[in-house]
Amino acid sequence: MNSNIHIFGTPEETARAVAELILMKAKEKNKQSLPFNIALSGGSTPKLLFSILSKEYADSIPWHFVRLFWVDERCVAPTHAESNFGMTYENLLKNVPIQDANIFRMLGEADPEKEAKRYQTQLETQLPARNALPLFDLVLLGMGDDGHTASIFPDNMGLLHSDSTVTVSVHPVSGQKRITLTGNVINQAEHVIFLITGSSKSTVLKQIIQRKNKFSDFPASYIQSHSGPAEFYLDQAAAAEL
Ligand code: 6PG
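Quick summary incoming for the structure in this document. Note that this is a predicted model, so its numbers are computed, not measured.

1. Side note on the nonpolar core
Within soluble globular proteins, side chains that are nonpolar generally end up buried alongside one another. Among the nonpolar cores identified, the biggest contains 74 residues, and Leu-49, Leu-53, Phe-136 and Leu-181 are the most heavily contacted of them. Top contributing element to this core by residue count: helix H1 (residues 11–31), with eight residues.

2. A few points about empty space enclosed by the protein
A full pass over the atoms with the stated rule returns two cavities of 30 Å³ or more. What the largest cavity holds in volume is close to 60 Å³. If you go around the largest cavity, the residues you meet are Ile-22, Ile-38, Leu-40, Phe-50, Leu-53, Trp-63, Val-66, Leu-68 and Leu-92. The set of elements that each furnish at least two residues to the lining of the largest cavity consists of strand E2 (36–40), helix H2 (46–56) and strand E3 (66–70). When its residues are assigned to classes, the lining of the largest cavity shows nine nonpolar, no polar and no charged. Of the pockets and cavities examined, the second largest cavity occupies roughly 40 Å³.

3. What to know about the side chain of Asn-102
Along the chain, Asn-102 turns up in the loop between helix H3 (84–91) and helix H4 (112–126). Asn-102 gets classed as buried once you look at its relative accessible area, which sits at 11%. A polar atom in the side chain of Asn-102 sits 3.5 Å from the backbone oxygen of Val-66. Not counting residues up to four positions away in its chain, the partners in contact with Asn-102 are His-64, Val-66, Arg-67 and Leu-68.

4. Digging into the sheet that holds strand E4 (residues 72–74)
Taken together, the three strands give an open sheet; going across it, the order is E4-E9-E8, and neighbouring strands pair in antiparallel fashion. Of all strands in the sheet, those with a lone pairing partner are E4 and strand E8 (166–170), marking the two edges. The mean angle between the axes of side-by-side strands here comes to 25°, regardless of whether they run parallel or antiparallel. Note: E8 against strand E9 (residues 177–181), five bridges, orientation antiparallel. Counterpart to Val-168 in the pairing with E9 is Ile-179.

How each quantity is defined
Residues numbered from 1 in each chain as written. Predicted model: local features only at pLDDT ≥ 70, side-chain atom pairs only at ≥ 80, totals over all residues. Heavy atoms only, no water. Core = buried A, V, L, I, M, F, W, Y, C linked by side-chain atoms within 4.5 Å. Buried < 20%, exposed > 50% of the residue type's maximum accessible area, 1.4 Å probe, protein only. Helix = DSSP H or I, 4+ residues; strand = E, 2+ residues; numbered from the N terminus. 1 Å grid on protein atoms, 1.4 Å probe; cavity = no way out; pocket = protein on both sides within 12 Å on 5 of 7 lines; lining within 4 Å. Points joined across faces, edges and corners; volume = space filled by probe spheres on them. Nonpolar A, V, L, I, M, F, W, Y, C, P; charged D, E, K, R; others polar. Polar contact = N/O pair within 3.5 Å; in protein donor to acceptor, adjacent residues only side chain to side chain. Contact = heavy atoms within 4.5 Å. Pairing = 2+ DSSP bridges. Axes fitted to C-alpha atoms, helices over the stretch in contact; angles between N-to-C directions.

Have a look at this one:
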């Protein structure tokens, strides 16, 4: 199995492995007295990771050096049930000593086009740059069972190579507007991690990892990090067809 593929028995073991990686990377930056700039995805998969970070890593991760950004956000209020920020606050932010000044929320309640522009400017002012793109230390991604990642969907693959680092996208089924990072800024990151669990992802994941069948139709197929392939953290159910 490729060295960038990490398979664990259960969703909890998988999430804990990602938590350990975040701890290690945050400590590395802390030793250099540098901030750890991480972009988080939403959806349901990260909830277990956030719960483990809250219960087991509240005292070990140097949270005062962590600066949180988002990969994407639904265009709803932060108190809405579908808000990625709201989910992150309930499962992580209210439980760890991260400073409000280090939380860079996408404003789901704002005008989408204006917010995309505002957030793009915020990335330019708040992050170091490499190749004229904002540079994250770590981008945590999920994957939908249609092979989307961030809010880059199969019907809008152009967002993978957009000149904008942040843009507005539309969920192809619900029509819900989203604010999302685009492919170039994700692929620029030092480390890109997919956290994927559950059997509903296994068939698409096989195609993406093995570059077979319809892999070229899936946005997640085009995601990597600055230095090489993205890292996949999978439970056995998601990896069942590999
Ligand atoms: C979002 C996410 C999205 C998510 C996938 C997987 O806003 O929904 O950023 O890209 O990672 O849709 O979602 P689940 O974790 O719920 O399967």
